[in-house]
Each structure stands twice: as structure tokens, then as C-alpha cells.
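# Coordinate analysis (summary)
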Amino acid sequence: MALERLDDGLWVAAAPQTLLGIHLWTRMTVVRLSGGGLLLHSVVPMTGALRSEVEALGTVQHIVLPDLYHHLHVGPWTLAFPKARVHAPPGMARKRPDLRIDAELSEVPHPDWAADLKPVFISGCGLRETVFLHPRTRTLITADLVENFHGSPHWLTRAYLRAAGIYGRVGFSRLLRFLYRDRPRARASLERLLAEDFDRILLTHGQPIPHGGKEALRLAYDWL
């Protein structure tokens, strides 16, 4: 596992992750802020090598848990960087009372990253995900908003992807669509997001979408 530079001030690190026997992988995005510090989005398991690579880039100032389901690997990062401010969605403090959480995510950006990232909350969904636009690179940084798997060498994962309707296409699992409890509100959030200027999508499960991300997102939610 190593950091990969995608653009000026933008890196990712991918790591294996298994859930109920399904190999979904996971990905962390690192953003260098205008002030020189770093923001870590959806952290992956910490290793000594990865920590060293991150520290070589700058000071970790913010750690973001983007939704209620991306919290598994946060503990070691908060211990390693005790001065970093930890942001999480409403409800995370009840779900993980063992974690230090310094601020609830909202569409009001922290002053440290107001010039770099624009948060958009996806209403009407039990994920309670906040996605982040990085205008300078026309990138949308997400967690579970969409997945993008071209295939898998693992038979159970392939079976899941086919059952979920996302084998070989960008989408949101049809097995999890019940999480969208208020579809009109969710659709309004999505339309606000689609009105923004972005091309690339960085996501946690599957391959990033380097170009055409807006149209891919639009098609992924044609059911909503």
C-alpha cells in the first residue's frame, strides 16, 4: 500500500477490505490544504510505511469520516495525530462512543479548508454522507455515493456485484437502495451536486473515475 499522486495536492491510498466475505477494497484520499496542512478523507488501515508517506507530505490537520459506515480504521490515525481535528456525521458519536470526534460534518466548511473543499450533504439517505468538491482539480471526493468495479478475481465478490447491479458499471447497489428513505430530498441533493463543476470522481470502493464523472453519476442514479 502506497500513496499515489493524482493531481497537484491530491493523493490516494487503496487497501484490501473484506465485508461479509466480499472483497470491496477501500481508499483514502489525502488533500493538501491552502495553508499547507493535510486533510485525510476515509482513512484506510494504518501501516508504518503509509504513516511515514503521509507525514512526509505535511502536517495532518483534519481527519474526515464521510458517512456513518467509514469509521473502522480511524482509531490508530487519531492516536498517531492527536492534534488533528476529527469530523464525523451526526450520529457517529452514538455509534462509536469510543472515538474522539471534534466536530459534526455540515455544509459549512471548516475555515482551514473553506478555500479548498466544498461539502455537499446527501439528504434523505441513512448513510448520512457528505461528499466534497475539490474545485481546483474538478474532483468529487466520495465514500459510498457510487461504486465502480470492472470485475473481480473473487467469485463471491463477482456474484455480489451482479446481484447489486453494479458489475462493470458505475452505480449504487440495488440491494442497499432501501437506505434512501426520502427519495425526493435525496434527488434534490443529487441535483444540487450535479449542478457543480466536476469531472473526476474519487470513491472508496472500486476504481476512481478519471473523466466523465458527472454523467456517470447521473446515470448511476437514474432510478432515484
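Residues numbered from 1 in each chain as written. Predicted model: local features only at pLDDT ≥ 70, side-chain atom pairs only at ≥ 80, totals over all residues. Heavy atoms only, no water.

### Notes on the overall build of the protein chain
Counting its regular elements, the protein chain contains six helices and 15 strands. Its C-alpha atoms give the protein chain a radius of gyration of 17 Å, within 12% of the compact-globule value 17 Å for 224 residues. If one aligns the C-alpha atoms of the protein chain with their principal axes, the spans along those axes are about 40 × 35 × 35 Å. Taking all 224 residues of the protein chain together, 53% fall into the buried category. Here the analysis covers contacts within the protein chain between residues at least 6 apart in sequence; of these, 53% occur between residues at least 24 apart. (Helix = DSSP H or I, 4+ residues; strand = E, 2+ residues; numbered from the N terminus. Rg over C-alpha atoms; globule rule 2.2 N^0.38 Å. Buried < 20%, exposed > 50% of the residue type's maximum accessible area, 1.4 Å probe, protein only. Contact = heavy atoms within 4.5 Å.)

### Digging into the side chain of threonine 78
Note that threonine 78 resides in helix H2 (residues 74-80). A distance of 2.8 Å separates the side chain of threonine 78 from the backbone oxygen of glycine 75, its partner in a polar contact. Setting aside residues no more than four positions away along its own chain, threonine 78 makes contact with Ile63, Val86 and Arg100. (Polar contact = N/O pair within 3.5 Å; in protein donor to acceptor, adjacent residues only side chain to side chain.)

### Quick notes on the packing of helix H5 (residues 183-194) against helix H6 (residues 213-220)
In the contact formed by H5 and H6, the axes pass within 11 Å of each other and the chain directions differ by 165°. For the element pair H5 / H6, the angle class is roughly antiparallel. Between H5 and H6 the crossing geometry is left-handed. Along its contact with H5, which presents Leu190, Leu193 and Leu194, the element H6 presents Lys214, Leu217 and Arg218. Grouping the amino acids of the contact of H5 with H6 by side-chain chemistry returns four nonpolar, no polar and two charged. (Axes fitted to C-alpha atoms, helices over the stretch in contact; angles between N-to-C directions. Parallel < 35°, antiparallel > 145°, perpendicular 65-115°, else oblique. Left-handed = near helix turned anticlockwise from the far one by under 90°. Nonpolar A, V, L, I, M, F, W, Y, C, P; charged D, E, K, R; others polar.)

### Some remarks on the nonpolar core
The biggest cluster of nonpolar side chains holds 27 residues, and the ones touching the most others in it are Leu140, Leu145, Tyr180, Leu193, Leu217 and Tyr221. Those elements giving two or more residues to this core turn out to be strand E11 (130-134), H5 and H6. Broken down by element, the residue count for this core peaks at four residues, all from H5. Beyond its immediate stretch of four places on either side in the chain, leucine 145 contacts Ile122, Glu129, Val131, Leu140, Phe172, Tyr180, Leu193, Leu217 and Tyr221. Counting 26 residues, the second-largest nonpolar core is a separate cluster that includes Met28, Leu38, Val54 and Ala84. (Core = buried A, V, L, I, M, F, W, Y, C linked by side-chain atoms within 4.5 Å.)

### A short note on the pairing of strand E2 (residues 10-15)
For E2, the buried fraction is high: five of the six residues fall into the buried class. Counting the residues between successive antiparallel strands, the hairpin from strand E1 (residues 4-7) to E2 contains two residues, one of them, glycine 9, with a positive phi of roughly 80°. Two elements, E2 and strand E5 (residues 26-32), share six bridges in a ladder whose sense is antiparallel. When the sheet's bridge partners are listed, alanine 15 is paired in E5 with threonine 26. (Pairing = 2+ DSSP bridges.)

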